[in-house]
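Listed here are the chains, written in short residue letters.
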Amino acid sequence: MSDPTAFILANTRLQPVPHAPEISLWLADEVTPIWRLTEDELGEMGLPPPFWAFAWAGGQGLARWLLDNPADVAGRRVLDLAAGSGLVGVAAMRAGAASALCADIDPFCEAAVALNARANGVALDFTGADLLDGPPPEVEVICAGDVFYEQPMSGRMLEWLRLAADGGTRVLVGDPLRTYFPRTGFDLLAEYAVPTTRELEDSAVKRTRVWTLAGAP
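Because the structure is a prediction, the values reported are computed rather than measured. (Residues numbered from 1 in each chain as written. Predicted model: local features only at pLDDT ≥ 70, side-chain atom pairs only at ≥ 80, totals over all residues. Heavy atoms only, no water.)

Structural notes on the side chain of Ser85
- Here Ser85 shows up in the loop between strand E3 (77-81) and helix H4 (87-94).
- A distance of 3.2 Å separates a polar side-chain atom of Ser85 from the backbone nitrogen of Leu87.
- Here Ser85 is in contact with Leu25, Trp52, Phe54, Ala112, Val113 and Asn116, once residues within four sequence places are set aside. (Helix = DSSP H or I, 4+ residues; strand = E, 2+ residues; numbered from the N terminus. Polar contact = N/O pair within 3.5 Å; in protein donor to acceptor, adjacent residues only side chain to side chain. Contact = heavy atoms within 4.5 Å.)

Quick word on the packing of helix H3 (residues 57-68) against H4
- Following both chains from N to C, one finds H3 and H4 inclined at 5°, their axes separated by 8 Å at the closest point. By the criterion of interaxial angle, the relationship of H3 to H4 is roughly parallel. Residues Gly59, Gln60, Leu62, Ala63, Leu66 and Leu67 of H3 pack against Leu87, Val88, Ala91, Ala92 and Arg94 of H4.
- Grouping the amino acids of the contact of H3 with H4 by side-chain chemistry returns eight nonpolar, two polar and one charged. (Axes fitted to C-alpha atoms, helices over the stretch in contact; angles between N-to-C directions. Parallel < 35°, antiparallel > 145°, perpendicular 65-115°, else oblique. Nonpolar A, V, L, I, M, F, W, Y, C, P; charged D, E, K, R; others polar.)

Here's the deal with the environment of Leu14
- Here Leu14 lies in strand E1 (residues 13-17).
- Residue Leu14 is classed as partly exposed on the basis of its relative accessible area of 41%.
- When the C-alpha atoms of Leu14 and Ser24 are compared, they prove to be 6.2 Å apart, with 10 residues separating the residues in sequence. (Buried < 20%, exposed > 50% of the residue type's maximum accessible area, 1.4 Å probe, protein only.)

Brief notes about the layout of surface pockets
- Of the pockets and cavities examined, the second largest pocket occupies roughly 220 Å³.
- Lining the second largest pocket are 15 residues; nearest its centre among them are Gln15, Leu27, Ala28, Thr197 and Leu200.
- Residue classes in the lining of the second largest pocket are distributed as nine nonpolar, four polar and two charged. (1 Å grid on protein atoms, 1.4 Å probe; cavity = no way out; pocket = protein on both sides within 12 Å on 5 of 7 lines; lining within 4 Å. Points joined across faces, edges and corners; volume = space filled by probe spheres on them.)

Overview of the packing of aromatic side chains
- Taken as a whole, this structure holds 11 aromatic pairs when the rule is applied.
- Geometrically, the ring pair formed by Phe148 and Phe181 is edge-to-face, given 5.6 Å between the ring centres and 80° between the ring planes. Here Phe148 is found in the loop between strand E6 (141-145) and helix H6 (153-166), whereas its partner Phe181 is found in the loop between strand E7 (170-175) and strand E8 (186-195), with 33 residues between them in sequence.
- Of the residues examined, Phe148 reaches a relative accessible area of 0% and is grouped as buried. (Phe/Tyr/Trp six-rings, centres within 6.5 Å; stacked < 30°, edge-to-face > 60°.)

Description of the pattern of salt bridges
- Considering all chains together, one arrives at 10 salt bridges under this definition.
- The partner of Asp72 in a salt bridge is Arg170, and the shortest N-O contact between them spans 2.7 Å. On the criterion of sequence distance, the pair formed by Asp72 in the loop between H3 and E3 and Arg170 in strand E7 is long-range, its members being 98 residues apart. In this pair, the class of Asp72 matches that of Arg170, namely buried.
- As a salt-bridge pair, Asp146 and Arg178 come within 3.2 Å of each other at their nearest N and O atoms. You can see Asp146 sitting in the loop between E6 and H6 and its partner Arg178 sitting in the loop between E7 and E8, a full 32 residues away along the chain. Taken as a pair, Asp146 and Arg178 share a single burial class, namely buried. (Salt bridge = Lys/Arg side-chain N within 4 Å of Asp/Glu carboxyl O.)

So, the environment of Thr5
- Relative to the assigned elements, Thr5 resides in helix H1 (residues 4-11).
- For the pair Thr5 and Cys109, spaced 104 residues apart in sequence, the C-alpha to C-alpha distance is 9.7 Å.
- With sequence-adjacent residues up to four places away left out, Thr5 is seen in contact with Ala111 and Leu115.

Some remarks on unusual backbone geometry
- In the segment running from Gln151 into Pro152, the intervening peptide bond is cis, with an omega of 5°.
- Here Pro152 lies in the loop between E6 and H6.
- Positive phi outside glycine occurs at Ala82, with the angle close to 55°.
- Inspection of the secondary structure assignment puts Ala82 in the loop between E3 and H4.
- Not every positive phi belongs to a glycine, and Asp146 is a case in point at roughly 60°.

Just distances and angles here, no functional claims.
This is the structure we're talking about:
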């Protein structure tokens, strides 16, 4: 990959997030073209979709929750897990977080997060490490949007998030009730009707919920 920043600027446009219009991100308008371009750029076929290029429903719900409930993150260290575009990290910083670390293993995400941080006037840290391979980092809040979309990742993710919650970290999850979202063990915080697109989802509006792990701070 020669220049991920140039690739993103050439194939996306800066636009407001539908459910959190206070934030603008570099986003694609269609899935298939940028998916194919991503595979061409990396010289590899059969890659997962470019999650960083879209504002997914769970992340939009989490961003809305943080902007409307800044006390959850104000003055705290936040992890935006499986960050994609960095939307939730941006929202956390806008809500007064002391710091926000965006973590994602997609090779485009570091550039996407940097561009989106700059567009919104915030500072975001980034790691490309798979944090699920080790113990949860020392942060006060972990935000995870749209992470329960396939097995066996969902089980691995849930185990790791529960370990974090058991250690005293507040865990916030945004999810539009995808197939592998756990049906127990969470306390509901909010429900939103999040505008999306049939390019991404099965409807133009997704009922999206924000939860915290039961028993977490």
